[in-house]
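So you can see what is in the structure, the chains are spelled out below.
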Amino acid sequence: MRNTMDGSGVGVAVQVGHINGGVHVHLGLPPAAVQVPRQLAPVPVVFTDRKEALLSLDAGLGQAAVGETAPVVVITGADGVGKRALATKWAHHLADRYPDGQLVVRLRGGSPVGPARVAEVARSLLRSLGLGEHAPLPWAEQDLLGLWRSETSRRRVLVLLEDAADAGQVLPLVPAAPDCLVLVTSSEPLPALLAHGALHHRLEPLEAEHGLRLLSRIVGEERTGRDPDGAAALVGFHSGMPLAIALAAADLVLQPDLPLRAGLPAPSLPRPTRSDDPVRDAVDTALAYLPPQEREFLRRLALVPAPDLDRASSAAATGTTQPQAGVLLTELAARGLLATAQRAPVRGDLYTLRPAVRTAAIGVGVPARLAAADACNGYLAHLLQAVRACAQLLTPHHRALPRPYMGRPVEPLRFTNRHEALAWLEAIAPAVAPAMITAVSCDDPAIACALASDLWPLFHYHRDVTMWIIVYEAGLRAALRWGDPMAIREMSSTLALGLVIAGRHTEAATHYSRAAALAQVAGDRAGVAQYTSGIGAALHDAGVNDEAQVLLGEALGLYADLDDRRGAGLAGMLLGSAAARQGHVDFALPILRTARADFTELRPPDALNSARALAYLGEGYSLAGQHDLAAVTLLQARREFANIGHRHWIARATEFLGQAAERAGLPDTALAWYTASLNQYVALGSGRDTARLRGRITILEEA
């Protein structure tokens, strides 16, 4: 055999010393053309003046000192003064300087559900750059930020961050690349950003001349020419605030026979010449002119505690059909009463309410408490239906709690494949925490329990452990208030699993024990087996393999008596792993092979746990000294995890390959596998795993 490479080959090359079995090279499809994100909204055709502001921004940017990070420009001003329009106009003017894309994210300052988290924003930005389409993004904030900085270090992008609540939302997202630009809008000046060298521009209302020009562009010059006094009164009353003028003018456009003074509030007393709160007065007037159906639709949206709404969730919250909701959303956005956000995978167009609109809209119609209960009930019913549909596709073997009766049906969301279901779950992740808070506050705690139960695939695939624990602690509180034993068991065991991943094994065992005791009282042998296996799994993760074997063996016996192959597989693969690590490989290997068969022969097969069993089997072969078979088995397991898209277990199988190479006396190969695994764990933000791999690498390098 001639085994050399002279550098003249093009394509895939495989160079090995020995081959056991065949070599298969799969050439993938050529990479798709890179799509450059162009997310800037179009500048409104009625955009007026701001020439001095644009010149000032140009001058400030031209004089900015060149540093090692992207320059930051902050545009501040009162709500409704036109910060977003100015920022968009200027960003379009600069777009050619940033050929790798212009990105837009809302930071939700003033939102009823709180400002956007930095990790959430970083994830959105990375998705806009095309990452996360073929493999999930990490969930830990520091790893998302590290990936963001790596990506922006080789790109020239403009990032528009709208509605910042504080500097803490912005500073972590500033690229460490001077060829990028960060443009921020905020109601407040954000002095902490200024202390870091950000440029600041305070935007003032329009002068009377330009306010009149804006009004003329909306309602028509002929109309303002016929009634110059009415036009001047309207602009003066609204203090030159562009949003207030635009809201008043939108109603006048729809009612061409009205005099321009009809855009002012109705005079119960002698009308003042200038409003103390022009945006609020304009919103009140706009609401007064809305048809009753649109006014009530907007009010129901305002009562929903969500960071944004799409057509399906809006329909559910308001009791309309999805086509009706789509029409109403478009009309309200055209009137300026709704702001359009970005598009989200599967969800489509997203809408938000301006703070002034939300406050005013809540104050009209039937008593707020009754309307809020109905709107929130419909919104939660939509979420429950959709997350259940996702769970049925993504985790069909997971036991689901009964769905509570929500009072009225909602149009169902349907997902055609697993990718769509997972993309939808990721898109609604920012809404999970406020939705759980709302569900827990409901009169029926079954709603919170069912929602937490059906959100399981989100955590099963992405392991956002912090959110995992928050959601299931809330679910457990609701279950205890409800008093339903099955709900308590479900919330306790799922919370326990998250605690195991967080390394909090003692707490996890306590929750598993509670669930096991309830199952024992109910005479539920399957439940006893599940939770006994859970305690064994916690001990296995903690490295207490002798005690783990006892409990896992007990669970395996119970599952065998019940003829539950999936349960037997779960207990068996961990029992086999614990036994192999204790040196009992002759006992362990048959159990691990059986566990693998238990998962693959299910209908449908349990692909994730089948691959896990194979990985533990590969580890068992390695511990038994069957090094070639161990490598082949672990490589196959790693491929299966990659096909599923489970990044944590890809990293774990890579670590197993490093251990197998080390046992086989191949330290250089082991170091390469360990380094690859470490990088994967770092990207996942898994602190425990990262620390363990660093320790393995240090020991190997010092040997």
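Owing to the predicted nature of the structure, the values given are computational and were not obtained by experimental measurement.

This part takes up empty space enclosed by the protein. Picture a little ball the size of a water molecule; that probe, rolled over the atoms, points out where space is still empty. All told, the structure shown has three cavities of 30 Å³ or more when counted by the stated rule. If you trace the largest cavity, you find it lined by Leu301, Val304, Ala306, Pro307, Asp308, Leu309, Tyr351, Thr352, Leu353 and Arg358. Its residues assigned to classes, the lining of the largest cavity comprises seven nonpolar, one polar and two charged. Approximately 40 Å³ is the volume found for the second largest cavity. Around the second largest cavity sit Asp310, Ser313, Arg347, Tyr379, His382, Leu383, Ile428 and Ala431, which together line it. The element that contributes the greatest number of residues to the lining of the second largest cavity is helix 15 (residues 368-394), accounting for three residues. Partitioning the lining of the second largest cavity into residue classes produces four nonpolar, two polar and two charged.

One broad trend across soluble globular proteins is that nonpolar side chains are buried collectively. Core analysis: the largest hydrophobic core is formed by 155 residues, its most contacted members being Leu298, Trp424, Leu451 and Tyr472. When residues in this core are grouped by element, the largest group, 13 residues, is from helix 15. The residues touching Leu451, leaving out its near neighbours within four places in the chain, are Leu380, Leu383, Leu384, Val387, Ala435, Met436 and Ala439. Formed by 34 residues, the second largest nonpolar core is a distinct cluster that contains Val105, Ala177, Val182 and Leu190.

Our next topic: the pairing of strand 6 (residues 339-344). Of the strand pairs in this sheet, strand 6 and strand 7 (residues 348-352) are connected by four bridges, and their pairing is antiparallel. In the sheet register, Ala344 faces strand 7, and the bridge partner there is Gly348. Between strand 6 and strand 7, which follow one another and run antiparallel, lie three residues, and Val346 among them has a positive phi close to 70°.

This brings us to the packing of helix 29 (residues 647-663) against helix 31 (residues 687-702). At a closest axis distance of 12 Å, the pairing of helix 29 and helix 31 adopts a crossing angle of 20°. Comparing the axis directions of helix 29 and helix 31 gives the class roughly parallel. You can see that helix 29 and helix 31 cross each other, and the crossing is left-handed. Packed against helix 29, whose contacting residues are His648, Arg652, Glu655, Gln659 and Glu662, the element helix 31 presents Asp689, Arg692, Leu693, Arg696 and Leu700 at the interface. In terms of residue class, the contact of helix 29 with helix 31 is built from two nonpolar, two polar and six charged.

Before going further, it helps to spend a moment on the pattern of salt bridges. Within this structure, the stated rule accounts for 30 salt bridges. Here Glu490 and Arg399 are joined by a salt bridge, their closest N and O atoms 3.8 Å apart. Pair noted here: Glu490 is in helix 21 (residues 485-501) and Arg399 is in the loop between helix 15 and helix 16 (418-427), with a separation of 91 residues, a long-range link. The salt bridge partner of Asp561 is Arg525, with a shortest N-O separation of 3.5 Å. You can see Asp561 sitting in helix 24 (residues 545-562) and its partner Arg525 sitting in helix 23 (residues 525-541), a full 36 residues away along the chain. On the basis of relative accessible area, Asp561 is assigned to the exposed category, the value being 58%. Beyond isolated ion pairs, a larger network of salt bridges with shared partners links Glu655, Asp689, Arg692 and Arg696.

Bringing the confidence of the model for the chain into the picture now. The predicted model of the chain averages 88 in pLDDT, with 92% of residues at 70 or higher. Every residue in residues 1-33 is under pLDDT 50, and counting partners more than four places away or in other chains gives 14 contacts.

Basis of the calculations
- Residues numbered from 1 in each chain as written.
- Predicted model: local features only at pLDDT ≥ 70, side-chain atom pairs only at ≥ 80, totals over all residues.
- Heavy atoms only, no water.
- 1 Å grid on protein atoms, 1.4 Å probe; cavity = no way out; pocket = protein on both sides within 12 Å on 5 of 7 lines; lining within 4 Å.
- Points joined across faces, edges and corners; volume = space filled by probe spheres on them.
- Nonpolar A, V, L, I, M, F, W, Y, C, P; charged D, E, K, R; others polar.
- Helix = DSSP H or I, 4+ residues; strand = E, 2+ residues; numbered from the N terminus.
- Core = buried A, V, L, I, M, F, W, Y, C linked by side-chain atoms within 4.5 Å.
- Buried < 20%, exposed > 50% of the residue type's maximum accessible area, 1.4 Å probe, protein only.
- Contact = heavy atoms within 4.5 Å.
- Pairing = 2+ DSSP bridges.
- Axes fitted to C-alpha atoms, helices over the stretch in contact; angles between N-to-C directions.
- Parallel < 35°, antiparallel > 145°, perpendicular 65-115°, else oblique.
- Left-handed = near helix turned anticlockwise from the far one by under 90°.
- Salt bridge = Lys/Arg side-chain N within 4 Å of Asp/Glu carboxyl O.
- pLDDT = per-residue confidence, 0-100.

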